[in-house]
Structure formats: C-alpha cells, structure tokens
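What follows is each chain in one-letter form.
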Amino acid sequence: MDTVLLSRIQFASTTIFHYFFVPVSIGLALIIAIMETMYVRKGNEEYKRMAQFWGKLFLINFAVGVVTGILQEFQFGMNWSDYSRFVGDVFGAPLAIEALLAFFLESTFIGIWIFGWDKVSKRIHLLSIWLVALGTMLSAFWILLANSFMQHPVGFTLNNGRAEMNDIFALITNGQLLVEFPHTVLAAYATGAFLVTGISAYKLLKKQDVAFFRKSFEIAAIVGVISSFGVAVAGHAQAQYLVETQPMKMAASEALWGESGDPAPWTVFANIDVKNQTNSNEVQVPYLLSFLSYSKFSGDVKGMLELQKEYEVAYGPGDYIPPVKTTFWSFRIMVAAGTLMMLFGVYAIYLMWRKKMDRPNTWFMRFMFWGLLLPPIANTAGWIMTEIGRQPWTVFGLMTTEDSVSPNITSGQVLFSVITFNAIYAILGAVLVGLFVKVIKKGPYAMDNEHGESHDPYNKEG
Amino acid sequence: MSLNELWFLLIAVLFVGFFFLEGFDFGVGMETQILAKNDTERRILINSIGPFWDANEVWLITGAGAMFAAFPHWYATLFSGFYIPFVFALLALIARGVAFEFRGKRDSKAWQKTWDVCIFFGSFLPPFLLAVVFASFIKGLPIDKDMQMYAGFFDIVNAYTVVAGITVVLLCLVHGLMFTTIRTLGDLQERARKLAQKLLIPLAALLVAFVVMTYTMTDIFDKHGTLLWIVVILGVAAYLLAGYFMTKKKDGYAFGMTGAVMALSVASIFIGLFPRVMISSLDQAFNLTITNAASGQYSLKVMTIVALTLLPFVLGYQIWSYFIFHKRVHEKEHLEY
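**What about the overall build of chain A?**
Secondary structure assignment for chain A yields 15 helices and six strands. The C-alpha atoms of chain A give 24 Å as radius of gyration, which agrees with the globular expectation for 462 residues (23 Å, within 12%). By principal-axis analysis of the C-alpha atoms, chain A measures approximately 75 × 50 × 40 Å. Counting every position in chain A, which comprises 462 residues, the buried fraction comes to 60%. Of the contacts formed within chain A by residues at least 6 apart in sequence, a portion of 78% connects residues at least 24 apart. Counting only carbon and sulfur atoms, one obtains 64% of the accessible surface of chain A, whose full area is about 18100 Å². Averaging the positions of the 33 positive and the 35 negative side-chain charges in chain A gives two centres separated by 14 Å.

Okay, structure coming up:
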C-alpha cells in the first residue's frame, strides 16, 4: 500500500477515534457546570453529587480525549509535512492559539476542579468548571477555524508556493466557520445531553436511585432538545453554504449525477452505480432539495458531471468527484440520527411537562438508553461526509491530498504507526467502556466516603 | 529584535518551560517504581503531581503549535523526519496520560500494576526520546535541498544522542525527587532527598560527558562560544548550589537549582542552534534557519499580538494553581488517584 492511502487511514482512524471523546467532553462540561451552578445557588447537596457523579465519567472521557488530541496535532507534521509546509502560515496559527487560549485553560482548571473540592471556595470551584467548559468551546472554535480554511480558504495570498495569511479577520469571519462552528458545538452539547439521558434512562429502568437520575435526566433532556433543534437549524444553513462554496460535495452527498431539475427533489434512497454514473431505484421527496439548498421550493442544483467539467476548466485535468456512496450515505445516516434525536427530545420534554416522568413508558426509556449512541453516529457520519466529500482536495481548490503527504516517510513506517495506534485505540476504547459501566453500576452513592469524613486510605486500595 | 528572532525565543522558552515543569512530573512518574515502597506511597507521589501534569504537558503541545505557526518548515521537517521516535513518544504519552486517570478506578492489583508500568515507561521514554531528538538537532541531520530529512537509524541514535537522552532522564529524576521533597512529608521526603544526593555524582559525570562531546562533535561552541561558556559556568554553579542546598535540607532552593540546571541545558541547545533551526549534515546551504523556515511577517505579527496578550493570563493562573496546591500531600487526606 502507498503512503498516501496509509496516511489517510491513519488520519481517518485517529480523527474518528479522537472525535468520539471531544463532543462528550464539550457537552458534559456544560451539563456538569449547570448542575454545579444549581448546587451553589440552591445549596442542595444532591446537585453537588450530580456534578461529582457525572464528573467521574467526564474525567475518564476527558483523559482519552486529551491523549488522542496530542497525536492529532503531531500527525500533521508526521504524515502530511508538505501540507504543513504549504498552509503552516494559516493553519498553524489557529492551532497555536488553540493551545495557548484553550488547552492551558482546560488543563489548569480541570486540575483545580478535580483536586480543589476542599481547597478552594465553592464559587472558585464553580468558576473552574465553567472555565473548563469555556476552554473546550474555545478549542472547538480555533480548530474549526483551521478546518474551515480547508473547506473554504480565505484570508491568504499565494507566495513562493505557500499560502500566506494576509487577513486574520477574514479567517475569523469565514462563512464556513460561521455555519460549521454552531453546528458542531451544538452537536457536542447534544452528545453530552444524550449520554446523560441515556445512562439515566438505564438507571430509571432498573429503578436505582430514581430521584437522582430523574433530575439528571430532566436537566440533560432540556439541554438535549434545545441543542438538537439548534443543530438542525445550523445544519440547514451549512447545507446552503455548501451549495455555494463546495457544490461538488453537495452533489455527491445527493448522488446527483446530472442536473436535478427545478424544483429539485431530495433522494431518500438510491442504488448508486458509480461506474456508469447513474442511480436506480431512487426514492425521492419532491421539492425538498430545493428547500435544503435555497430555503424555497424552487431552484435546481448542479450535478457532478457538469461540475466535473467546470472543475477541469478551473483546476486542470483530473477526477474531482469524491467517493459518492460514502458521501451520500454518511449524509443520510447523520440526518436520520439527528431527526431521531429531535423526536426523542421532544417526547421527553412532553413527559416532563405533563409530569409523567415518575412513571414513563418502558419502551421510551429503552429508546432513550440506546439513544445515547445517536449523537456519536451522527457526529462521525457528519465528519466523514465533510472530509470525504472534499476529496480530492485537502485545501479546497488549492492542494490535493496526494500532494499533501510527507515525501520522506516510507509505507512501512506509516503501516507501523497505523497498527500500533489502532491497537492502542482498541484497548483504550474497551477500557473506557468497561470503566463507564463500572462507575454507572456503582451509582452516585458509592462515592459517599470519598470526599466525606473518613480519610483512611487503607480502606480502599485505589 | 525581528519577529523571527522573537518567535525563536518564544519557542525556546516554551520548550525550556516544558522540560522544567514536565521534567519534574516525569521524574515523579519514574519514582513510582524507584522510590515508592508500597501502594500508598505510590498514590501520594502521583497525587503530588495530579493537579499539574496535564497543564505541564500543554507546554509541549503549545511549543509544537508555535513551531507549526511560526516556522512551518521546521515543524514539517522535524516531525516527518523523526517519524518513528515520535510514534514511540506518542504511544508513551498516551499510555501515561490515561494511566493516571485509570489506575485508581478498579480494585485489582493486576489492573493497578499494568497502569503503573505505563506510568513508569510513559515518564521515562518521552524525555529520553525528546532529548535524543534535540541533541541530534545540533549534531546535524541529513537534510536535502528541499528541506526533506532522510535520516537513518544511526543518524538519530548514536553515542552523542544517547548520552543526551540518559542525561536528561536522570536530570528529570533528580528534579522530580526534589519536587517530592517539597510536596511530601516524613520518610518518603527523607528518602527522596537521599536518593537525589546519591544521584548527583553520576549525573555530574553525564553532564560533563555531554558538554565535552558537544564541544568536540558539534560546531556550536565555535558559533556561540562566549554565550555558551557563560551557560556552562552558570550550570556548574547551579549544580553545586543544588548539592549544597540538598545537604542543608533547603529543599525549595534545591528544587529551583535542579530546575535551573534543566533549563540551562535545554537553553544551550537553542542557543547553539540560533539562527538555524535545523542543521544539515549534507551542506551548510541546506540548513533551515529562522528566515527560510518561517511564516510570513503578517502571520508572525498576528501571532505576536495574540501571544503577548494571552501569556500574562496563562502564566498568572498557572502560578495561581501551584499556589492553591502548595500544601504537602500525605496519606491522611483523600487521594484522588
């Protein structure tokens, strides 16, 4: 196998694995901050226990997110050095700012939060978790700024074969960033929320610590329903932006070979024949693609074949059609998962509003439990669509993936790193799930003597 | 000072800071296998660095990020050129980072042992590998006219770089032991101080060997003779003071001095490099410098404004966090890990 393919596997596996944990950290930090705020304001110890219980899961998750993040930063230089040379000027800056502005904030205040329960005042402790939540969000902002440049390069000039930054404000106000950031961050809030509702639903089904988990469920359900609707709104804006700036990605995510016709229908299902560049067995919803693309029920959307011709004129000969099936199906999986999240969220709010949370339907609670998988599925599918749909480009219109790879690394080296890192991901994933299960089984009251009066370390070897 | 010089200085400061700070928590990580007699002592050691190690590691991440932003070619040549060493360093850092969080989460001896091994190797390998990489910087590496580095095994691993690696590992250990003396009490504190004193002679021998090899095998004393000799003399002074303070049980001062030796050692590498950032062993003309490896002036200007605005805050709250956790860790209190 060649280094480009192996490096792509490396990048994909690292990014996907890393991104299981990032949204959970962002989302849980917010929910824990809300719980601790209620504790400080109302003085009810139950809220403190909530912050501590969900905090345990947060910390296990945070640890894996942080360590895989280091690799995320280093692999640009290791596997994609020519890319790093080309865009370092524009791409390196947000990365450095992310470290300076966000990573230091998160890492310092998470230390204060973990170890500071009886060392700092309640308010300082509360401030710490809010600063952690702020840090995770700022981190998302700067890395998405860098990613937005790859989707829609702005604020640079080409100089000596390098993209040099000439307008930082253009980067900060990149249209791509303005739609991508809210979409991604709200999805992260939904991820944290559905994790909490899912685990709470499981405990409620088991009738364990009912009062504790009902309260947790309610707090998270409110965050979940607001954020999942927000994701949809931001996603709609993002789709429209896509039609303008990366029409090929949009066409591929619709498996639209020829012209869509006016008004354009949205394809729910299609049997895609990439070789002959046609589809069969299409199931379509009329008008919907026009609405998605332009917020009105008319207007046609360009197909891949026409765009291919346009791209050849603009960028020279080559194949500019991304992997169509992957782009098409990842988009549908994302939308389906997102839709289910909204439905679940609304029904949960309905139950709370009608005060039926003390005896909710068993089937619904089972759905809510499995619903904790929906956001990770949607997040992963969304990123696959975004990154695969941009191919063959790493920086749209400027640099291809082929040209981005490090010329001085061997396929043996990359294969070695792919194998070792994926092995460690498998171990970390399994350990994390095992620890989650353990903490959840023990429940919130198992921690009683941990921060209580008894301080005999020989009590529990840990 | 030009912006290129300023960013070279800032990156140097970030790496000096990284080795000073993470240096002691690497050392404490090694102590869990060398100094600790039982699980409680191990937990006290780990808890003593608990609130800090994560932020200390961010100094490395920020250093690499600053390299990427200010000198993209340096970042690209370095990370792709040292591919395999970085794979191992990353594996070690990953294992170490999760081990702190995971080890206390299950009541099983085998479980804790596994993560303790990860903490040990994760605390030993990264400083070793990073020192090897930094030492080979000034020895020179096969970098061609396209700034691509094609290094064989012996370009990276040789007597000089291995001596540098062992020296830094031992320096981390002594620095960590001194950190233990200011963060713990009683027997553990006593033993940490004694072990540090015992290690002073072998460490001195290694440091001298490193300086001699640097003098004979690299060109950096030709380029920056006066400044480097000042650094060496300061280093010797700090070293002697460290030993003196240890015998007088002035642990805080001794910790400062072991940190100073570490800082001066790392600084000497950057001083020797300047104004180069990577030295080509093939041809002087292929050297990467603070000029030909750098980002555009606009980028550097933006980054300067951002960095100078944020740094006071970052330093402020980090110092504050050390102040919050200035009390010694002992077995009577809640041990998180």
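Don't stop here, the text continues.
**Comments concerning the pairing of strand E4 (residues 278-285) of chain A**
Note: strand E3 (residues 266-273) of chain A against E4 of chain A, six bridges, orientation antiparallel. Looking at E4 of chain A, one finds that Phe269 of chain A is bridged to Val283 of chain A.

**A word on the side chain of Lys203 of chain A**
Residue and element names in this part refer to chain A. Along the chain, Lys203 falls in helix H6 (residues 175-205). Buried Lys203, no salt bridge; nearest opposite-charge side chain is Asp209, N-O distance 5.1 Å. Side-chain polar atoms of Lys203 contact the side chain of Gln208, separated by 2.8 Å. When neighbours within four sequence positions are excluded, Lys203 is seen to be in contact with Gln208, Phe213, Ile440, Lys441 and Gly443.

**Let's talk about the confidence of the model for chain A**
When pLDDT is averaged across chain A, the result is 90; 96% of the residues are at 70 or more. Here residues 451-462 of chain A scores under 50 on pLDDT; set against residues more than four positions off or in separate chains, the count is 27 contacts.

**Here we look at the packing of helix H1 (residues 3-42) of chain A against H6 of chain A**
Residues and elements named next belong to chain A. Relative orientation of the contacting elements H1 and H6 amounts to 75°, with a least axis distance of 7 Å. The orientation of H1 with respect to H6, classified from their angle, is roughly perpendicular. Packed against H1, whose contacting residues are Tyr19, Pro23, Val24, Ile26, Gly27, Leu28, Leu30 and Ile31, the element H6 presents Thr184, Ala188, Tyr189, Thr191, Gly192, Ala193, Leu195 and Val196 at the interface. Tallied by class, residues from the contact of H1 with H6 come to 12 nonpolar, four polar and no charged.

**Points about a negative patch on the surface**
Residue and element names in this part refer to chain A. On the surface, Glu259, Asp262, Asp300 and Glu306 cluster together into a patch of negative charge. Structurally, Asp262 is set in the loop between helix H8 (247-253) and E3. By relative accessible area, Asp262 is classed as exposed at 52%.

**Quick notes on the confidence of the model for chain B**
With 100% of its residues at a pLDDT of 70 or more, chain B shows a mean pLDDT of 92. Predicted complex metrics record ipTM = 0.90 and pTM = 0.91.

**Considering H6 of chain A**
Residues and elements named next belong to chain A. In this model, H6 (31 residues) spans 45 Å end to end at C-alpha, consistent with the 45 Å of a helix rising 1.5 Å per residue. Counting buried positions along H6 gives 26 out of 31 residues, so the element sits mostly inside the fold. Positive phi shows up at Lys207, right after H6, with a value of about 60°.

**Structural notes on the nonpolar core**
Counting residues in hydrophobic clusters, the biggest one holds 290 residues, and the most contacted among them are Trp54 of chain A together with Trp74 and Met278 of chain B. If one sorts the elements of this core by residue count, helix H3 (residues 81-115) of chain A sits on top with 20 residues. Every residue in contact with Trp54 of chain A, bar those within four places of it in the chain, is listed here: Leu28, Ile32, Met35, Val196, Ile199, Ser200, Phe212, Phe213 and Ser216 of chain A.

**Section: a nonpolar patch on the surface**
Residue and element names in this part refer to chain A. A grouping of Val268, Phe269, Val283, Val285, Trp329, Ile333, Trp370, Leu373 and Ile377 is seen on the molecular surface, where their side chains present a nonpolar patch of about 780 Å² in accessible area. In this fold, Ile333 is placed in helix H11 (residues 324-353). By relative accessible area, which is 41% here, Ile333 ends up partly exposed.

**Regarding H3 of chain A**
Residues and elements named next belong to chain A. For H3, with 35 residues, the first-to-last C-alpha span of 40 Å runs short of the 51 Å given by 1.5 Å per residue. Along H3, the sharpest change in direction is near 90° and occurs at Gly88. Most of H3 is tucked away: 32 of the 35 residues are buried.

**Digging into the packing of H1 of chain A against helix H15 (residues 411-442) of chain A**
Residues and elements named next belong to chain A. Running from N to C, H1 and H15 point in directions that differ by 20°, and their axes come no closer than 9 Å. One element, H1, and the other, H15, form an angle in the roughly parallel class. Crossing hand, H1 versus H15: left-handed. Where H1 abuts H15, its residues Thr3, Leu6, Ser7, Ile9, Gln10, Ser13, Thr14, Phe17 and Phe21 lie against Ser411, Val414, Leu415, Ser417, Val418, Phe421, Asn422, Tyr425, Leu428, Gly429 and Leu432. Class assignment of the residues belonging to the contact of H1 with H15 gives a composition of 11 nonpolar, nine polar and no charged.

**Notes on unusual backbone geometry**
Glycine aside, the phi torsion of most residues is negative, and most peptide linkages are trans. Residue and element names in this part refer to chain A. Here Asp262 and Pro263 are connected by a cis peptide whose omega angle stands at -5°. Structurally, Pro263 can be placed in the loop between H8 and E3. Here the bond from Gln391 into Pro392 is cis, since omega is 5°, no more than 30 degrees from zero. By the element assignment, Pro392 lies in the loop between helix H13 (374-388) and strand E5 (393-395). Phi at Lys207 is positive, roughly 60°, even though this residue is not glycine. Position of Lys207 among the secondary structure elements: in the loop between H6 and helix H7 (210-245).

**Quick notes on the packing of aromatic side chains**
What the rule picks out here adds up to 85 aromatic pairs over all chains. An angle of 90° between the planes, with centres 5.2 Å apart, marks the rings of Phe153 of chain B and Phe154 of chain B as edge-to-face. Taken as a pair, Phe153 of chain B and Phe154 of chain B share a single burial class, namely exposed. Here a set of aromatic residues connected by ring pairs shows up, and it is made of Phe8, Phe15, Phe18, Phe19, Phe26, Phe71, Trp74, Phe82, Phe134, Phe137, Phe270 and Phe274 of chain B. Positioned above the aromatic ring of Phe328 of chain A is the side chain of Arg332 of chain A, whose terminal nitrogen or guanidinium carbon lies 3.7 Å from the ring centre. The side chain of Arg106 of chain B reaches across the aromatic face of Trp111 of chain B, ending 4.9 Å from its centre.

**Considerations on the interface of chain A and chain B**
Residue-level contacts link 75 residues of chain A with 78 residues of chain B. Interface area, chain A with chain B, both sides summed: about 7000 Å², of which 72% is carbon and sulfur. The interface formed by chain A and chain B contains zero salt bridges. Across the chain A-chain B interface, the total number found is 17 residue pairs in polar contact (both at pLDDT 80 or more). Those elements giving two or more residues to the side of chain A that touches chain B turn out to be helix H2 (45-79), H3, strand E2 (162-165) and H15 of chain A.

Each value, and the rule that gives it
- Throughout, a residue's number is its position along its own chain's written sequence, starting from 1.
- Chains carry letters and ligands carry numbers; both start at the beginning, A for chains and 1 for ligands, and go up in the order they are written.
- Restriction of local features to residues with pLDDT of at least 70 applies here, the model being predicted, together with a cutoff of 80 or more for giving and counting side-chain atom pairs; totals for whole chains, interfaces and linings are based on all residues.
- Side-chain numbers here rest on the full set of heavy atoms in the structure, without hydrogens or water.
- Only runs of H or I of at least four residues qualify as helices and only runs of E of at least two qualify as strands under DSSP, and these elements are numbered from the N terminus.
- All radius of gyration figures rest on C-alpha atoms, and the globule criterion is 2.2 Å times the number of residues raised to 0.38.
- Here the term buried applies to any residue with accessible area under 20% of the maximum for its type, exposed to any over 50%, and partly exposed to those in between, with areas from a 1.4 Å probe on protein chains only.
- By definition, residues are in contact when any of their heavy atoms lie within 4.5 Å.
- The protein chains shown are the only cover counted for residues, whose accessible areas, like all others here, come from Shrake-Rupley with a 1.4 Å probe.
- For this count, His and the chain ends are skipped, Lys and Arg are scored as positive, and Asp and Glu as negative.
- Charged side chains are reduced to one point each, which is NZ for Lys, CZ for Arg, CG for Asp and CD for Glu.
- Strand pairing follows a simple DSSP-based rule, namely that at least 2 bridges must link the two strands.
- When a carboxyl oxygen of Asp or Glu lies within 4 Å of a side-chain nitrogen of Lys or Arg, that pair is called a salt bridge.
- Polar contacts, as used here, are pairs of N or O atoms within 3.5 Å; protein pairs need one atom able to donate a hydrogen and one able to accept it. Residues neighboring in sequence count only if both atoms are side-chain atoms.
- Predictor confidence is given residue by residue as pLDDT, running from a minimum of 0 to a maximum of 100.
- Structural elements are reduced to axes, namely lines fitted to C-alpha atoms, with helices fitted over the stretch in contact, and the angle between N-to-C directions of any two is expressed from 0 to 180 degrees.
- Roughly parallel here means an angle under 35 degrees, roughly antiparallel means over 145, roughly perpendicular means 65 to 115, and every remaining angle is called oblique.
- Lys, Arg, Asp and Glu make up the charged group, whereas Ala, Val, Leu, Ile, Met, Phe, Trp, Tyr, Cys and Pro make up the nonpolar group; the residues left over, Gly among them, are polar.
- Each patch is built from residues that are more than 30% exposed by relative accessible area and take part in no salt bridge. Like charges join if they lie within 9 Å; nonpolar side chains (Val, Leu, Ile, Met, Phe, Trp, Tyr) join within 5 Å.
- By this rule the span expected of a helix is its residue count minus one, scaled by 1.5 Å.
- What we call a nonpolar core is a set of buried Ala, Val, Leu, Ile, Met, Phe, Trp, Tyr and Cys residues that are connected through their side-chain atoms within 4.5 Å.
- The bend at a residue is defined as the angle formed between two axes, one fitted to the seven residues ending at that residue and one fitted to the seven starting there.
- By convention, the crossing between two helices is left-handed when the near helix turns anticlockwise from the far helix through less than a right angle, and right-handed when the turn is clockwise.
- Each pair of aromatic rings taken from Phe, Tyr and Trp, with Trp reduced to its six-membered ring, is defined by centres within 6.5 Å and is described as stacked if the planes are under 30 degrees apart, edge-to-face if over 60, and tilted in the remaining cases.
- For a ring to carry a charge above it, either NZ of a lysine or CZ of an arginine must fall within 6 Å of the ring centroid while also lying within 35 degrees of the normal to the ring plane.
- A 1.4 Å probe defines the accessible area here, and the buried area is the portion of it lost by two parts on being joined, summed over both.

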